[in-house]
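Here is how the chains run, residue by residue.
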Amino acid sequence: MKHLLSIEELTVKQIGEILALAKKLKAARGKASHPKPLKDQTWALIFAKYSTRTRVSFEVGIRELGGRAMFLSNNDIQLGRGEPIVDTARVLGRMIHGCVIRTYQQKDVLDFAAAAGIPTINALTDEEHPCQILADILTIEEKLGPIWKKTVCFIGDGACNVPASWIFAAGKLGFDLRIAAPRKYQPAADLVKRAGGRILVTEDRAKASNGADVIYSDTWISMGKEEEEAQRLAELDGYQINDRLLAHAKPKALVMHCLPAYRGKEITDDVFERHAQTIFDQAENRLHVQKAIMALLAKSWRR
Ligand code: CP
Ligand code: NVA
């Protein structure tokens, strides 16, 4: 594994390796035996969008693996004034050991990885959020056992990055994925087809959540869509995680949210607070999974 750019390009074996190492690193956290595969390395974080969890978990993770993290907001570097991403990549590739990128276009992350020649991680684009979904799978398996026997129901904006990564994960790992969204917010049919797997896309919330093991949501207004806020709130109204929806799921279904959450919109305050343990376990698992990804990339990468 040279980079972590998309769930689509991972093999089932690589997903298994990431999750297994994440469990080990989680157990070893704070112990003297904790490995330091990034010793003497500097990794950069280039972020063109807001972030709490991703930024903090990568910065802390790099440090815990023995490396040094350098946070570069898009506006701090010449990239923000129009320097091409490939030139940025060719400079950084000669100086640092790995790069974590959060931006708009998936193509920018792919171009950076190709031009920099150092391990590159997609920390969210408009198209995918692979680190999030790997952490979510770890969380589900910790609580419910192997995911391939389970049914995950995503409700809300089914056309954004988080459900897209869920779609590729379902295609790889063979669990049932159901996406409940108004027609306009459903994932592109060719993406679902490309992923393969057992995926149902529907407007019918009851059908999607019926007997589900996991009910999952994300904000209705992804970063970059702020101008559409009023329209999205109106069009996605009803595609909310609330007690009416949960009545269709298994009685002990997990409620998950990638965060940040907007109570009263995609999830009610009451349901969020009742399931806060799971939701914040999910957030913590970002740290363990991303440490595993970086450790594996550093191992397979020889300068
Ligand atoms: N879930 C997630 O990626 O959170 P941040 O936007 O805070 O990084
Ligand atoms: N779909 C959301 C995810 C935030 C972690 C966004 O892109 O803003």
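Predicted, not measured: the structure shown is a model, and the values here were computed from it.

A. Region of interest: the site of ligand 1. The local shell around ligand 1 consists of Ser51, Thr52, Arg53, Thr54, Arg102, His129, Gln132, Cys258, Leu259 and Arg286. Between ligand 1 and the protein, one listed contact pairs an oxygen atom with a side-chain N or O atom of His129 at 2.9 Å. One of the side-chain nitrogen or oxygen atoms of Arg286 is found 3.1 Å away from an oxygen atom of ligand 1. Relative to its unbound accessible surface of 260 Å², ligand 1 loses 95% to contact with the protein. Class assignment for the residues of the shell around ligand 1 results in two nonpolar, five polar and three charged.

B. Region of interest: the pairing of strand β5 (residues 151-155). Burial analysis of β5 places five of its five residues in the buried class, the great majority of the element. Of the two faces of β5, the one carrying Thr151, Cys153 and Ile155 and the one carrying Val152 and Phe154 are both buried. The pairing of β5 with strand β6 (residues 176-180) spans five bridges and is parallel. The residue of β6 that forms the bridge with Cys153 is Arg178. Pairing of β5 with strand β8 (residues 214-217) involves three bridges; the strand directions are parallel. What sits directly across from Phe154, in β8, is Tyr216.

C. Quick peek at helix α5 (residues 130-144). Over its 15 residues, α5 runs 21 Å from end to end, which matches the ideal 21 Å to within 8%, given 1.5 Å per residue. Across the 15 residues that make up α5, a large majority, eleven, are buried. Within the span of α5, buried status applies to Pro130, Cys131, Gln132, Ile133, Leu134, Ala135, Asp136, Ile137, Leu138, Thr139 and Ile140. Backbone geometry just downstream of α5 places Gly145 in the positive-phi region, at approximately 90°.

D. How the structure looks around unusual backbone geometry. Going from Leu259 to Pro260, the amide bond is cis rather than trans, its omega being 0°. Relative to the elements of secondary structure, Pro260 occurs in the loop between β9 (254-257) and α11 (269-274). Despite not being glycine, Asp40 has its phi angle at roughly 65°, a positive value. You can call Asp40 exposed: its relative accessible area is 63%. One non-glycine residue with positive phi stands out, namely Leu259, at about 70°. The topology assignment puts Leu259 in the loop between β9 and α11.

E. Structural view of the environment of Lys299. Within the secondary structure, Lys299 is located in helix α12 (residues 276-300). For Lys299, a relative accessible area of 58% gives the class exposed. Through-space distance from the C-alpha of Lys299 to that of Met1 is 9.2 Å; in sequence the pair is 298 residues apart.

F. How the structure looks around the site of ligand 2. With respect to spatial proximity, the complete set of residues near ligand 2 consists of Leu124, His129, Cys160, Asn161, Asp218, Thr219, Ser222, Met223 and Leu259. Interatomic distance of 2.6 Å between a side-chain N/O atom of Asp218 and a nitrogen atom of ligand 2. Met223 is positioned such that a nitrogen or oxygen atom in its backbone is 2.8 Å from an oxygen atom of ligand 2. Residue composition of the shell around ligand 2, by class: four nonpolar, four polar and one charged.

Rules behind the numbers
Residues numbered from 1 in each chain as written. Chains lettered and ligands numbered in written order. Predicted model: local features only at pLDDT ≥ 70, side-chain atom pairs only at ≥ 80, totals over all residues. Heavy atoms only, no water. Near = heavy atom within 4 Å. Polar contact = N/O pair within 3.5 Å; in protein donor to acceptor, adjacent residues only side chain to side chain. Areas by Shrake-Rupley, 256 points an atom, 1.4 Å probe, with all protein chains shown as cover. Nonpolar A, V, L, I, M, F, W, Y, C, P; charged D, E, K, R; others polar. Buried < 20%, exposed > 50% of the residue type's maximum accessible area, 1.4 Å probe, protein only. Helix = DSSP H or I, 4+ residues; strand = E, 2+ residues; numbered from the N terminus. Pairing = 2+ DSSP bridges. Expected span 1.5 Å × (residues − 1).

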